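Residue-level structural notes
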Amino acid sequence: MFEKDSLIAGLLLGVFIPFVGYALVLEIYDQLDAANLISGFGSGDFRRRTSALLGLCLNLIPFGLFNRKRFFYSMRGIMIPTIIYAAIWFFYFGVGILN
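Computed from a predicted model, the values in this text were never measured in an experiment.

Observations concerning the overall build of the chain
When helices and strands are counted, the chain shows 4 helices and 0 strands. Listing the helices and strands of the chain from first to last along the sequence gives α-α-α-α. Each principal axis of the C-alpha distribution contributes one length, and for the chain these read about 45 × 30 × 20 Å. Sequence-distant contacts in the chain: of pairs separated by 6 or more residues, those separated by 24 or more amount to 71%. Split by element, the accessible area of the chain, about 6700 Å² in all, is 72% carbon and sulfur. If the 8 positive side-chain charges of the chain are averaged to one point and the 6 negative ones to another, these points end up 11 Å apart.

As structure tokens, then:
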């Protein structure tokens, strides 16, 4: 599936990687908080906002791999959900950041 240039493959990766990344980053935050390594660091909104942004940025990994292979349709497939997620992130968290 990932050995040919496919818009569908890029869309699937672009949709699922941010969710998995968000869950992993939240779990890391929880583990560090349980070990009292980052207790009191940042508010709950800061953690959610940063976790969502890091999960979204994980799309850069397959994007770079597809760029190296010159799979331009797969790159487009990754960018479509990434731009949609970035717009959702900005509309959800942007008001709090800009105030």
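Following the structure, the description resumes.
Some words on the pattern of salt bridges
Per the counting criterion, the structure on display carries 1 salt bridge. With a shortest N-O distance of 3.5 Å, Arg-47 and Asp-33 are connected by a salt bridge. Residue Arg-47 is found in helix H2 (residues 44–57), and its partner Asp-33 is found in helix H1 (residues 7–34); the two are separated by 14 residues along the sequence. In this structure Arg-47 comes out as buried when scored by relative accessible area, which is 14%.

Focus on the environment of Tyr-92
Turning to its location among the elements, Tyr-92 is positioned in helix H4 (residues 72–98). Since its relative accessible area comes to 54%, Tyr-92 is described here as exposed. Taking C-alpha positions, Tyr-92 is 9.2 Å from Arg-49, a pair spaced 43 residues apart along the chain. There is a polar contact of 3.3 Å between the side chain of Tyr-92 and the side chain of Arg-48.

Here's the deal with the packing of helix H3 (residues 60–69) against H4
Running from N to C, H3 and H4 cross one another at 160 degrees; their axes reach a closest spacing of 8 Å. With respect to H4, the element H3 is oriented roughly antiparallel. Of the two possible hands of crossing, H3 and H4 adopt the one that is left-handed. Residue-level contacts link Pro-62, Phe-63, Phe-66 and Asn-67 of H3 to Ser-74, Met-75, Ile-78 and Met-79 of H4. Residues that form the contact of H3 with H4 fall into these classes: 6 nonpolar, 2 polar and no charged.

Here we look at the nonpolar core
With 5 residues, the main nonpolar core is built from Leu-13, Phe-66, Phe-71, Met-75 and Ile-78. Non-local contacts of Ile-78, meaning those with residues more than four positions away in its chain, are made with Gly-10, Leu-11, Gly-14, Asn-59, Pro-62, Phe-63 and Phe-66.

Considerations on the packing of aromatic side chains
Applying the stated rule across the entire model yields 5 aromatic pairs. Where Phe-19 meets Tyr-85, the ring centres are 5.8 Å apart and the plane angle is 80 degrees; that geometry is what we call edge-to-face. With Phe-19 in helix H1 and Tyr-85 in helix H4, the pair connects residues that are 66 residues apart, well separated along the chain. Arranged with centres 4.6 Å apart and planes meeting at 85 degrees, the rings of Tyr-92 and Phe-93 form a pair that is edge-to-face. Relative accessible area serves as the criterion here: at 9%, Phe-93 is assigned to the buried category.

Scoring rules and cut-offs
- Residues numbered from 1 in each chain as written.
- Predicted model: local features only at pLDDT ≥ 70, side-chain atom pairs only at ≥ 80, totals over all residues.
- Heavy atoms only, no water.
- Helix = DSSP H or I, 4+ residues; strand = E, 2+ residues; numbered from the N terminus.
- Contact = heavy atoms within 4.5 Å.
- Areas by Shrake-Rupley, 256 points an atom, 1.4 Å probe, with all protein chains shown as cover.
- Lys, Arg positive; Asp, Glu negative; His and termini not counted.
- Charge placed at Lys NZ, Arg CZ, Asp CG, Glu CD.
- Salt bridge = Lys/Arg side-chain N within 4 Å of Asp/Glu carboxyl O.
- Buried < 20%, exposed > 50% of the residue type's maximum accessible area, 1.4 Å probe, protein only.
- Polar contact = N/O pair within 3.5 Å; in protein donor to acceptor, adjacent residues only side chain to side chain.
- Axes fitted to C-alpha atoms, helices over the stretch in contact; angles between N-to-C directions.
- Parallel < 35°, antiparallel > 145°, perpendicular 65-115°, else oblique.
- Left-handed = near helix turned anticlockwise from the far one by under 90°.
- Nonpolar A, V, L, I, M, F, W, Y, C, P; charged D, E, K, R; others polar.
- Core = buried A, V, L, I, M, F, W, Y, C linked by side-chain atoms within 4.5 Å.
- Phe/Tyr/Trp six-rings, centres within 6.5 Å; stacked < 30°, edge-to-face > 60°.

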